[in-house]
Amino acid sequence: MKSVAKTFLILFFLLAHSLLLYSQKNIVTVGIQYKPILALDALNTGTESVAANGVTFTVGLDRGFCGGIVVRRGITDTYSLESGINYVNRVYFLKISDENFSGDSEFRIIGYEIPFSGLVYIKLSEILFMNASLGLSVNMFASDIYTEDSYFRNSSHRAYVFNPGIIGNLGWEYRTETAGYFYLGASYHNPFSAIFNSQLGYYENNLLKEKVTMPISGTYISLDLRYFFHEEPLKKQKKKEAD
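In this text, all values refer to a predicted model and were calculated from it rather than measured experimentally.

K.L.:
What is the right way to look at the sheet that holds strand 8 (residues 152–158) in this model?
P.N.:
Strands belonging to one sheet form pairs held by backbone hydrogen bonds; the direction of such a pair is parallel or antiparallel. Within the open sheet, the four strands sit side by side as 7-8-11-12. Their pairing is antiparallel. The outermost strands of the open sheet, each flanked by one partner alone, are strand 7 (145–149) and strand 12 (207–216). On average, each strand axis in the sheet is tilted by 10° relative to the strand beside it, whichever way the strands run. Across nine bridges, strand 11 (residues 196–204) lies against strand 12 in antiparallel orientation. Each residue of the ladder has a partner; that of Gln199, found in strand 12, is Thr213.

In structure tokens, the structure reads:
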């Protein structure tokens, strides 16, 4: 896990350096974000159930969060590019039941994201902007998962080490003159394929009673809270250096 995080940090700083290096005008700024993940039974983020021989297996996204660093490069007054790196912690609930028993458990999936998005702005006032973005995210999962209790075994395997997906965002941004930008919005993240395949076994008196395999989509909706540090346009920075 530490080696994976180190690799992603190196990739992020290389990306940030390239954005700063090749920007010739407008604003390049760095921000931080925190995104609580919402459990909604819509847009493929809800629960999934499989029934076999009187045993019902149910898996669903319960909660989670995403946090990281955002690098934004302004192209024009109405268009920008964003990238960065995020740590994602998804928590899923697992319920197994038959006519005589019902048990609840949970497990978590840890991942990393490197998103690439294009943003379009609508100016609502001198300090308030609305924006929408669309892009792709490279998702990575460090390891497989195994959880167990007296009545179940859960062996979840990564479908791929790298799993791309589509991302969309809608939000509002309050821009100050010297204190940076404050952002509130919502995002939708949808991997192109299942991120994990869970092999679930139900045991009764230490004997396997039923076993199923369930895919985990990894799709989520989040509330986005961001803060961007204040930066001068690059042209102004170069002019100050020349003076």
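K.L.:
I keep staring at the nonpolar core and nothing clicks. Help me out?
P.N.:
Most often, soluble globular proteins keep nonpolar side chains buried together rather than apart. Among the nonpolar cores identified, the biggest contains 25 residues, and Phe57, Tyr92, Ile96 and Ile109 are the most heavily contacted of them. Broken down by secondary-structure element, the contributors of at least two residues to this core are strand 3 (55–74), strand 4 (79–97), strand 5 (102–123), strand 11 and strand 12. Not counting residues up to four positions away in its chain, the partners in contact with Ile109 are Val88, Asn89, Arg90, Tyr92, Phe141, Ile145, Ile195, Phe196 and Ile216.

K.L.:
I would appreciate a short explanation of the packing of aromatic side chains in the present structure.
P.N.:
To describe a pair of aromatic rings, you give the distance between the ring centres and the angle between the ring planes. With the rule as written, the count across this model stands at eleven aromatic pairs. Relative to Phe107, the ring of Tyr92 lies with its centre 5.7 Å away and its plane at 15°, an arrangement referred to as stacked. Taken together, the residues span a long stretch of sequence, with Tyr92 in strand 4 and Phe107 in strand 5 at a distance of 15 residues. Given the relative accessible area of 4%, Tyr92 is considered buried. Classification of Phe107 by relative accessible area gives buried; the value is 4%. Note on Phe182 and Tyr227: the rings are 5.1 Å apart at their centroids and 50° apart in plane angle, and the pair reads as tilted. Of this pair, Phe182 sits in strand 10 (residues 181–191) while Tyr227 is found in strand 13 (residues 220–228), placing the two residues 45 residues apart along the sequence. You can call Phe182 partly exposed: its relative accessible area is 39%. Tyr227 sits in the partly exposed class, given a relative accessible area of 22%. Counting every residue linked through ring pairs, the aromatic cluster contains Tyr34, Phe65, Tyr87 and Tyr112. Between Arg72 and the ring centre of Phe228, over which it is positioned, the NZ or CZ distance is 4.1 Å. The ring of Tyr183 carries Arg226 above its face, with NZ or CZ at 5.0 Å from the centroid.

Definitions and limits used
Residues numbered from 1 in each chain as written. Predicted model: local features only at pLDDT ≥ 70, side-chain atom pairs only at ≥ 80, totals over all residues. Heavy atoms only, no water. Pairing = 2+ DSSP bridges. Helix = DSSP H or I, 4+ residues; strand = E, 2+ residues; numbered from the N terminus. Axes fitted to C-alpha atoms, helices over the stretch in contact; angles between N-to-C directions. Core = buried A, V, L, I, M, F, W, Y, C linked by side-chain atoms within 4.5 Å. Buried < 20%, exposed > 50% of the residue type's maximum accessible area, 1.4 Å probe, protein only. Contact = heavy atoms within 4.5 Å. Phe/Tyr/Trp six-rings, centres within 6.5 Å; stacked < 30°, edge-to-face > 60°. Lys NZ or Arg CZ within 6 Å of the ring centre and 35° of its normal.

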